[in-house]
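Summary of structural features
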Amino acid sequence: AQKITQTQPGMFVQEKEAVTLDCTYDTSDQSYGLFWYKQPSSGEMIFLIYQGSYDEQNATEGRYSLNFQKARKSANLVISASQLGDSAMYFCAMRGSNYKLTFGKGTLLTVNP
Amino acid sequence: DTGVSQDPRHKITKRGQNVTFRCDPISEHNRLYWYRQTLGQGPEFLTYFQNEAQLEKSRLLSDRFSAERPKGSFSTLEIQRTEQGDSAMYLCASSPRGSQVATNEKLFFGSGTQLSVL
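Here is a short report on the structure shown in this document. (Residues numbered from 1 in each chain as written. Chains lettered and ligands numbered in written order. Predicted model: local features only at pLDDT ≥ 70, side-chain atom pairs only at ≥ 80, totals over all residues. Heavy atoms only, no water.)

Quick look at the overall build of chain A
Scanning chain A from terminus to terminus reveals 0 helices and 12 strands. The N-to-C order of helical and strand elements in chain A reads β-β-β-β-β-β-β-β-β-β-β-β. With respect to the principal axes defined by its C-alpha atoms, chain A has extents near 40 × 30 × 20 Å. Among the 113 residues that make up chain A, the fraction classed as buried is 47%. (Helix = DSSP H or I, 4+ residues; strand = E, 2+ residues; numbered from the N terminus. Buried < 20%, exposed > 50% of the residue type's maximum accessible area, 1.4 Å probe, protein only.)

In structure tokens:
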């Protein structure tokens, strides 16, 4: 069974500062993928970044980077230079040997001006 | 690429009524997923289609739920005899064609249908 844990129900950050959203996972699969999605109030889940379990480099996509620590089973999302439009729910998710994407409970990020 | 489209965006119904939601995936995508998201939770897997074949249904999908994907294009999710516990956001997602599901397969989500059962 796969499990995703996001321990921060809510986070606040000042505009233009960096913020880290935590994610830990549990799986018995050797090969798996980790994802971060953003869900604004409109409801649509927007893909942000992906990290494969065998990737040696941490993934980066623009202002998003994934701090992958395999031994600790953590996949934290780092957002640099926060913008007001970054205010949203953020979900960590993983896919292992099956086709199901398993999500955490999410973190509500609020960016203050 | 017009994205994944879901209709309606909002549905209010009375307990015991039947409801049907529609999902139009991205045209070249052969896989289609339904997820359910309740308040304060992440999306939970309901069911999955590869083309027109429904390959798995979650235990969350009781006998009152049925999903179809005729001709491997759009999909419908029907809930019969709705209950208040069915109130949730129903999300549809699609992903590109391929013979094997890969761990890096990215899902493209629609904006969801918000169901409220009174």
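Read on for the rest.
Quick look at the pattern of salt bridges
Residues and elements named next belong to chain A. Under the defined criterion, the tally for this structure stands at 7 salt bridges over all chains. Here Lys73 makes a salt bridge to Asp26, at a shortest N to O gap of 3.4 Å. One end of the pair, Lys73, is in the loop between strand 8 (64-69) and strand 9 (74-79); the other, Asp26, is in strand 4 (residues 24-26), with 47 residues separating them in the sequence. According to the relative accessible area criterion, Lys73 is partly exposed, its value standing at 30%. Overall, the relative accessible area of 42% leaves Asp26 in the partly exposed class. Ionic pairing is found between Arg63 and Asp86, a salt bridge with its closest N-O pair at 2.8 Å. Placement of the pair is Arg63 in the loop between strand 7 (60-61) and strand 8 and Asp86 in the loop between strand 9 and strand 10 (88-95), with a sequence separation of 23 residues. (Salt bridge = Lys/Arg side-chain N within 4 Å of Asp/Glu carboxyl O.)

What about the layout of surface pockets?
In this model, the largest pocket occupies a volume close to 630 Å³. What lines the largest pocket is a set of 26 residues, among which A:Gln2, A:Lys100, A:Thr102, A:Phe103 and B:Phe45 lie closest to the centre. Broken down by secondary-structure element, the contributors of at least two residues to the lining of the largest pocket are strand 1 (3-5) and strand 11 (102-103) of chain A together with strand 5 (44-50) of chain B. It is strand 1 of chain A that contributes the most residues to the lining of the largest pocket, 3 residues altogether. A breakdown of the residues in the lining of the largest pocket according to their chemical character gives 8 nonpolar, 12 polar and 6 charged. Its volume calculated, the second largest pocket comes out at about 290 Å³. Together, 16 residues line the second largest pocket, and A:Gln39, B:Gln37, B:Leu39, B:Met89 and B:Gln114 are the ones closest to its centre. Of the residues belonging to the lining of the second largest pocket, the class tally is 6 nonpolar, 10 polar and no charged. (1 Å grid on protein atoms, 1.4 Å probe; cavity = no way out; pocket = protein on both sides within 12 Å on 5 of 7 lines; lining within 4 Å. Points joined across faces, edges and corners; volume = space filled by probe spheres on them. Nonpolar A, V, L, I, M, F, W, Y, C, P; charged D, E, K, R; others polar.)

Here we look at the state of the cysteines
A full pass over the atoms with the stated rule returns 2 disulfides over all chains. The disulfide partner of A:Cys23 is A:Cys92, and the gap between their sulfur atoms is 2.0 Å. Here A:Cys23 and A:Cys92 share a disulfide; its torsion about the S-S bond, -65°, makes the bridge left-handed. Linking A:Cys23 in the loop between strand 3 (19-21) and strand 4 with A:Cys92 in strand 10, this pair joins segments that are 69 residues apart in sequence. Look at A:Cys92 and you get buried, because its relative accessible area is 0%. Disulfide pairing places B:Cys23 opposite B:Cys92 at an S-S distance of 1.9 Å. As the torsion about the S-S bond is roughly -70°, the B:Cys23-B:Cys92 disulfide counts as left-handed. (Disulfide = S-S within 2.5 Å.)

What about the nonpolar core?
The biggest cluster of nonpolar side chains holds 24 residues, and the ones touching the most others in it are A:Tyr25, A:Trp36, A:Ile49, A:Leu77 and A:Tyr90. Apart from residues lying up to four places away in sequence, A:Tyr90 is in contact with A:Gln6, A:Leu21, A:Trp36, A:Tyr37, A:Lys38, A:Leu48, A:Leu77, A:Ile79, A:Gly106, A:Thr107 and A:Leu109. B:Val19, B:Ile26, B:Trp34 and B:Leu115 belong to the second-largest nonpolar core, a separate cluster that totals 19 residues. (Core = buried A, V, L, I, M, F, W, Y, C linked by side-chain atoms within 4.5 Å. Contact = heavy atoms within 4.5 Å.)

Examining the interface of chain B and chain A
Taken together, the contact between chain B and chain A spans 24 residues of the former and 21 residues of the latter. Interface area for chain B against chain A, summed over the two sides, is near 1800 Å², with a carbon-plus-sulfur share of 55%. Scanning the region where chain B abuts chain A turns up 1 salt bridge. Of the charged contacts, one joins A:Lys100 and B:Glu56 as a salt bridge, the two residues approaching to 2.7 Å between their closest N and O atoms. The tally of links from chain B across to chain A stands at 6 residue pairs in polar contact (both at pLDDT 80 or more). (Buried area = accessible area lost by both parts, 1.4 Å probe. Polar contact = N/O pair within 3.5 Å; in protein donor to acceptor, adjacent residues only side chain to side chain.)

Some words on the environment of B:Met89
Assignment of secondary structure puts B:Met89 in strand 9 (residues 88-96). Once the C-alpha coordinates of B:Met89 and B:Pro43 are considered, the two residues, 46 residues apart in sequence, prove to be 8.6 Å apart. Residues within four places of B:Met89 in sequence aside, it is in contact with A:Gly43, B:Tyr35, B:Arg36, B:Gln37, B:Ser111, B:Gly112, B:Thr113 and B:Gln114.

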